[in-house]
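Chain residues, written in single-letter form:
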Amino acid sequence: MPERMTSVRDMLASLERCVALEPKLLLPNRGMIREWGGFTLQRGARFLNNFLSNATSVMKEAPALLDAAEAVYEALEDQEHMTLVLVARARLEQMRGVPKKATELYKEADRRWRIPTNHTRLARASLDASRGMLAIELGRLDLANRWLEALFHEERHLEPARFAGHKLAAEVALLQGRPNAAQYHIEQVHARLSQRTASNLELWTISARTRHNLAAGRPEVAIGQLEVHFERLRDQGFLKFPTVEATLLRAFGWALASQLQREWMFDAARRRELMRKLQAATRRLAKLATPEQTVERAQFERLKARQECLQGRPRRALKILDEAIADPEHIPGALEQAKFAEARSIVLEALEREGASDLSEQANKMYDLLGICSPLILEGWPIPARMCALTPDAG
């Protein structure tokens, strides 16, 4: 691997060459083994955490890279970098939809970090940030706030920790229905992004801004911003990565669904244009789907069901949702279960079938228990009736 990397493309090319050689052991090309080996492999571990952990190829390539890194760090008895390797392994299990295994790996990473040795708090910040995002996926905002406090207080002197803290705080605020707080934290992350090179963190910022606009009732703003981002990231070559394109398409689909709901009784030509774009987005997403990514797969199933509802086909929507929940591994956390329950209640109500109110009540109880405010709004579904109220006309 070159000493300096100037782009994601260069890093990917180096990693692909490395994997093709099927190495049994990785050693630095010069200098002391502990010094240069640690520096080189730490860079590789950070790359796995920051980019490859969200790329489709991680399912195939990451385990071999992590095995090689772990062998070197065990030989060096380097607990800090072993912590980073375990964090990367845990994030891999998160992607596969195995939160129990991810939690166990995070506990082992925490134990490794606590072993007395000369280390910094960078590994600890990475661990706390990753555990916070797992808590978000499971809807455990109490745990998310615990790791959030650590990032903003114990590791506040570290720039990566502040990045991760604002990112985690934005996710918590969006789930709690606090769009103003979410906007503040999103802008804090965006202000520190590179203006020249696209990154995984920028991809998260785009998705978070879309969800914030939906929470604030501005889907048309989200659509305009996403169309600009599509063109810019395509010019930068970042859109060629399947997971990057899939993330943008999901956000685009949510915004289109939300705008279609708002314009349902207005311009027919505009509705046809929006529906055409939504259909194109879901068709492309079907080709980019990765079965191992359970959260993303669940989001895609709900988006397909939402499209069928907007096309006046609630029976097809119900079939999609029923097939999705038939596999218990498809919805590993309480938050995902509540989302599917709420979505099914909306479809059953459209079909005027029994059970809609029971499912809605079940979802609401789970949201109240988790401290969450109807997260389906962030995916382009209609605002629940319990959150709406009639007000007298201004005149």
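Before going into details, it helps to say that this report is about the structure given with it.

Conventions and cut-offs
- Residues numbered from 1 in each chain as written.
- Predicted model: local features only at pLDDT ≥ 70, side-chain atom pairs only at ≥ 80, totals over all residues.
- Heavy atoms only, no water.
- Helix = DSSP H or I, 4+ residues; strand = E, 2+ residues; numbered from the N terminus.
- Areas by Shrake-Rupley, 256 points an atom, 1.4 Å probe, with all protein chains shown as cover.
- Salt bridge = Lys/Arg side-chain N within 4 Å of Asp/Glu carboxyl O.
- Buried < 20%, exposed > 50% of the residue type's maximum accessible area, 1.4 Å probe, protein only.
- Expected span 1.5 Å × (residues − 1).
- Arc of directions from axis to C-beta.
- Contact = heavy atoms within 4.5 Å.
- Phe/Tyr/Trp six-rings, centres within 6.5 Å; stacked < 30°, edge-to-face > 60°.
- Lys NZ or Arg CZ within 6 Å of the ring centre and 35° of its normal.
- Axes fitted to C-alpha atoms, helices over the stretch in contact; angles between N-to-C directions.
- Parallel < 35°, antiparallel > 145°, perpendicular 65-115°, else oblique.
- Left-handed = near helix turned anticlockwise from the far one by under 90°.
- Nonpolar A, V, L, I, M, F, W, Y, C, P; charged D, E, K, R; others polar.
- Polar contact = N/O pair within 3.5 Å; in protein donor to acceptor, adjacent residues only side chain to side chain.

1. Topic: the overall build of the chain
Right, on to step 1. For the chain, the helix and strand inventory stands at 17 helices and zero strands.
Right, on to step 2. Surface accessibility of the chain: about 19,700 Å² in total, with carbon and sulfur atoms responsible for 52%.

2. Considerations on the pattern of salt bridges
It is possible for side chains of opposite charge to pair when their charged atoms get near one another.
Right, on to step 1. On inspection of all chains with the given rule, the structure shows 29 salt bridges.
Right, on to step 2. The salt bridge involving Arg89 is made with Asp67; its shortest N-O contact spans 2.6 Å. Pair noted here: Arg89 is in helix α4 (residues 79-95) and Asp67 is in helix α3 (residues 58-76), with a separation of 22 residues, a long-range link.
Right, on to step 3. Here Glu301 ties to Lys304 by a salt bridge, and the two come within 3.5 Å at their closest N and O atoms. With Glu301 and Lys304 both in helix α14 (residues 294-310) and three residues apart, the pair spans about one turn of that helix.
Right, on to step 4. Residue classification places Lys304 among the partly exposed residues on the basis of a relative accessible area of 26%.
Right, on to step 5. Overlapping salt bridges, with partners in common, bring together Asp110, Arg114, Arg124, Asp128 and Arg131 in one network.

3. Overview of helix α13 (residues 268-288)
Right, on to step 1. Its 21 residues place the ends of α13 30 Å apart at the C-alpha level, agreeing with the 30 Å of an ideal helix rising 1.5 Å per residue.
Right, on to step 2. Those residues of α13 that sit buried are Leu274, Met275, Lys277, Leu278, Ala281, Thr282, Leu285 and Leu288. Take α13 and look down its axis: the buried residues cluster within an arc of 160°, on one side only. Residues of α13 that are exposed and point more than 90 degrees away from the buried face comprise Arg272, Arg283 and Lys287.
Right, on to step 3. Looking at the packing, one finds that the buried side of α13 touches α11 (219-235), α12 (242-262) and α14.

4. As for the packing of aromatic side chains
Right, on to step 1. Counting across every chain of the model gives one aromatic pair.
Right, on to step 2. Here the aromatic rings of Phe230 and Phe252 are separated by 5.7 Å at their centres, their planes lie at 70°, and the arrangement is edge-to-face. Placement of the pair is Phe230 in helix α11 and Phe252 in helix α12, with a sequence separation of 22 residues.
Right, on to step 3. Directly above the ring of Trp147 sits Arg131, whose terminal nitrogen or CZ lies 3.8 Å from the centroid.
Right, on to step 4. Just above the ring of Trp381 sits the side chain of Arg306; from NZ or CZ to the centre is 5.3 Å.

5. Remarks on the packing of helix α5 (residues 99-114) against helix α6 (residues 122-138)
Right, on to step 1. Running from amino to carboxyl end, α5 crosses α6 at an angle of 160°, the nearest separation of the two axes being 11 Å. Here α5 is positioned roughly antiparallel relative to α6, judged by the angle of their axes. With respect to the hand of their crossing, α5 and α6 are arranged in left-handed fashion. Contact residues: Pro99, Ala102, Thr103, Tyr106, Ala109, Asp110, Trp113 and Arg114 in α5; Ala123, Arg124, Leu127, Ser130, Arg131, Leu134 and Leu138 in α6.
Right, on to step 2. Residue composition of the contact of α5 with α6, by class: nine nonpolar, two polar and four charged.

6. Quick word on the environment of Leu359
Right, on to step 1. Tracing the sequence through the fold places Leu359 in helix α17 (residues 356-370).
Right, on to step 2. For Leu359, the residues in contact, after removing those within four places along its chain, are Ala341, Arg344, Ser345 and Leu348.

7. Details of the side chain of Glu171
Right, on to step 1. Structurally, Glu171 is set in helix α8 (residues 159-175).
Right, on to step 2. Within the structure, the side chain of Glu171 is placed 2.7 Å from the side chain of Trp204, a separation counted as a polar contact.
Right, on to step 3. The residues contacting Glu171, other than those within four sequence positions of it, are Met133, Ile136, Trp204 and Arg211.

Geometry only, nothing functional implied.
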